Amino acid sequence: MVLLTVLDVLLFVVGAVGMIYQGVCIVASLFAKPVTFPEAAMDKRYAVLISARNEENVIGNLITCLHEQTYPTELIDIWVVADNCTDDTARVVRDMGCHVVERHNMKLVGKGYALTYLLDHMIDAGLSDTYDAYFVFDADNKLDRHYFEEMNKAFQSGFKILTSYRNSVNLADNWVSSGSALWFIRESRFLNNSRMLFGSSCHVGGTGFMFSKEIMKRNKGWKFHLLTEDLEFTMDSVLHGDRVGYCGSAILYDEQPITFAQSWRQRLRWSKGFLQVFRYYGPQLIRRAIKERDFSAVDFTLLLCPFTMLGVIRVALGIIFAACGFVTWQSQLGAVSGWGSGIVLAVLGMMALAGLTIIAERKQIGATNKELFAYVLSFPIYMLSYVPISFQAIFSKVQWKPIEHKG
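Residues numbered from 1 in each chain as written. Predicted model: local features only at pLDDT ≥ 70, side-chain atom pairs only at ≥ 80, totals over all residues. Heavy atoms only, no water.

If you check an unreviewed UniProt entry, the chain appears there as N-acetylglucosaminyltransferase from Bifidobacterium erythrocebi. Quoted verbatim from the Sequence similarities (unreviewed entry) field of UniProt, the annotation for the chain is "Belongs to the glycosyltransferase 2 family." (UniProt positions renumbered as here; feature names shortened; annotations may be inferred.)

Printed below as a string of structure tokens:
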């Protein structure tokens, strides 16, 4: 009985604190001026790292965006690792004047391993020291033409690790792509923007981020190979005392999955990756939050908290205790009905969050008002599907699998 009460209190406290924090972030982002960076000399040399697997149809768009930057293109070198490709990705990249490293390894599969291979090649060739910092993009991305100019300002203001504003090229395709796109826009506008205002560390997304030569040397290239290597990189950086910055004026456009099956598979990998990162980094984050009173550690402990796993444990123990006669079935049904009321409130809250994101970022979102109204209504369906996905992630063996991009 005491154990069930403790779990109920823990779930309530973590959920309540998380919701209050989100609310504070939204208010701060809406009413405070965003952090900006002063003009800076465009004299730093950057390497672009792209992991591509069978991306011949889309990677040319990204390379074209890189060639059309307002930042001097002679100071941007593009490096692509053609990872287990069976198409003409390597040829397309070479024809566009970029460096290509081909990798064939079906045992160590994933973006993290591909980036390790690419950076190891550059280090072994003695080329890594020629760059001041490294950018990471996915092959399907597109960039605003001022992207590098804006990121350079933030980099020269003192940040060693930076992430950027993540928009979408296909938000308006359907309710699946819109759900994913709105989620990323929300993270950029309300979370990372507010973290900059609070002076805490931001969350590096899977694409559109950079790290300095010093960070690369400390990590001896790239050492992050969990299913969510971006989240792992963020946690490792926070534990090293780094502050990850956010440049909201540097805009990246990502392609989102358009079928529910693709989205499910992608989010299943993310959910499993969150569990992996919590397992390896959660205890250290909690210790840092307590000992160092590091707000970023508190923030990311809340982010990583395996809420679904705790909920599954709570339900399982409730059934076992009721079956053994330690508690009544009526009390457990009452707890479940309380959760049902919470789900209804959550649905309304998610609709409001989607609507608020659209209103705040309307200029950045390419869709009609009619489409956006429909996507506000469908957003809770997208988000609630995370419940069975997170449940499956607890028990499933998940592997990295590529998602086909249409460009």
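Caption draft 1: Spotlight on the sheet that holds strand S7 (residues 209-212). Pairing in this open sheet of eight strands is mixed, and the strands run S3-S2-S1-S4-S7-S6-S8-S5 from one edge to the other. Taken across any chain shown, the strands that pair with only one partner, and hence form the sheet edges, are strand S3 (99-103) and strand S5 (142-143). Contacts between helix H5 (residues 147-156) and the sheet are confined to strand S1 (46-52), strand S2 (76-83), strand S4 (133-138), S5, strand S6 (161-168), S7 and strand S8 (245-254), with S8 contributing the most and set at about 160 degrees to the helix. (Pairing = 2+ DSSP bridges. Helix = DSSP H or I, 4+ residues; strand = E, 2+ residues; numbered from the N terminus. Contact = heavy atoms within 4.5 Å. Axes fitted to C-alpha atoms, helices over the stretch in contact; angles between N-to-C directions.)

Caption draft 2: How the structure looks around the side chain of lysine 213. Considering the arrangement of structural elements, one finds lysine 213 in helix H7 (residues 213-218). Here lysine 213 sits buried without a salt bridge, and the closest side chain of opposite charge, aspartate 129, lies 5.0 Å off (N-O distance). In this structure lysine 213 touches Ser128, Asp129, Tyr131, Asp132, Ala133 and Tyr134, once residues within four positions along its chain are discounted. (Buried < 20%, exposed > 50% of the residue type's maximum accessible area, 1.4 Å probe, protein only. Lys, Arg positive; Asp, Glu negative; His and termini not counted. Salt bridge = Lys/Arg side-chain N within 4 Å of Asp/Glu carboxyl O.)

Caption draft 3: Structural view of unusual backbone geometry. Non-glycine residue asparagine 84 carries a positive phi angle of around 55 degrees. Within the secondary structure, asparagine 84 sits in the loop between S2 and helix H3 (89-95). Assessed through its relative accessible area of 6%, asparagine 84 is described here as buried. Within the chain, lysine 220 stands out as a residue other than glycine whose phi angle is a positive 55 degrees. Counting through the fold element by element, lysine 220 comes out in the loop between H7 and helix H8 (229-239).

Caption draft 4: Main features of the pairing of S3. Bridge analysis of S2 against S3 gives five bridges, and the strand direction is parallel. Bridge assignment links alanine 82 to a residue of S3, and that residue is glutamate 102. In terms of handedness, the path from S2 via H3 over to S3 forms a crossover that is right-handed. (Right-handed = clockwise from strand over helix to strand, strands pointing away.)

Caption draft 5: Quick peek at the packing of helix H11 (residues 307-323) against helix H14 (residues 386-395). Viewed as axis vectors pointing N to C, H11 and H14 meet at an angle of 80 degrees, and their least axial separation amounts to 9 Å. Taken as axis vectors, H11 and H14 run roughly perpendicular relative to one another. Seen from H11, the contacting residues are Thr308, Met309 and Val312; seen from H14, they are Val387, Ser390, Phe391 and Ile394. (Parallel < 35°, antiparallel > 145°, perpendicular 65-115°, else oblique.)

Caption draft 6: Focus on the UniProt feature "transmembrane region" (unreviewed entry) in the chain. Mapped onto the present numbering, the UniProt feature "transmembrane region" (unreviewed entry) falls on residues 6-32, 300-329, 341-360 and 372-395. As annotated, residues 6-32 comprises 96% helix and 0% strand, and the C-alpha atoms at either end are separated by 38 Å. Taken end to end, residues 372-395 is 96% helix and 0% strand, and its first and last C-alpha atoms sit 35 Å apart.

Caption draft 7: Up close: the packing of aromatic side chains. One pass over the full model with this rule turns up 27 aromatic pairs. Between the aromatic rings of phenylalanine 209 and phenylalanine 233, the centroid separation amounts to 5.8 Å while the plane-to-plane angle is 35 degrees, which identifies the pairing as tilted. Taken together, the residues phenylalanine 209 in strand S7 and phenylalanine 233 in helix H8 connect sequence positions 24 residues apart. In this structure an aromatic cluster arises from ring pairing among Tyr46, Tyr71, Phe135, Phe137, Tyr147, Phe148 and Phe155. Over the aromatic face of tryptophan 183 sits the side chain of arginine 186, whose NZ or CZ is 3.6 Å from the ring centroid. Of note, arginine 267 hangs over the ring of tyrosine 386, and the distance from its end group to the ring centre comes to 4.8 Å. (Phe/Tyr/Trp six-rings, centres within 6.5 Å; stacked < 30°, edge-to-face > 60°. Lys NZ or Arg CZ within 6 Å of the ring centre and 35° of its normal.)

Caption draft 8: Molecular detail of a nonpolar patch on the surface. Together, Ile20, Val24, Phe198, Phe295 and Val298 give the surface a local cluster of nonpolar side chains, amounting to about 430 Å² of exposed area. Within the residue set of the nonpolar patch, elements represented by two or more residues are helix H1 (2-31) and helix H10 (295-304). Within the secondary structure, phenylalanine 198 sits in helix H6 (residues 175-198). (Patch = residues over 30% accessible without salt bridge, like charges linked within 9 Å, V, L, I, M, F, W, Y side chains within 5 Å. Areas by Shrake-Rupley, 256 points an atom, 1.4 Å probe, with all protein chains shown as cover.)

Caption draft 9: Quick peek at the pattern of salt bridges. Under the criterion given, the structure shown has 15 salt bridges. The closest approach of N and O atoms between aspartate 299 and arginine 195, which form a salt bridge, is 2.7 Å. Within this pair, whereas aspartate 299 is found in helix H10, its partner arginine 195 is found in helix H6, the two being separated by 104 residues in sequence. Take aspartate 299 and arginine 195: they sit in the same class, and that class is buried. The shortest N-O distance in the salt bridge between arginine 218 and aspartate 242 comes to 2.7 Å.

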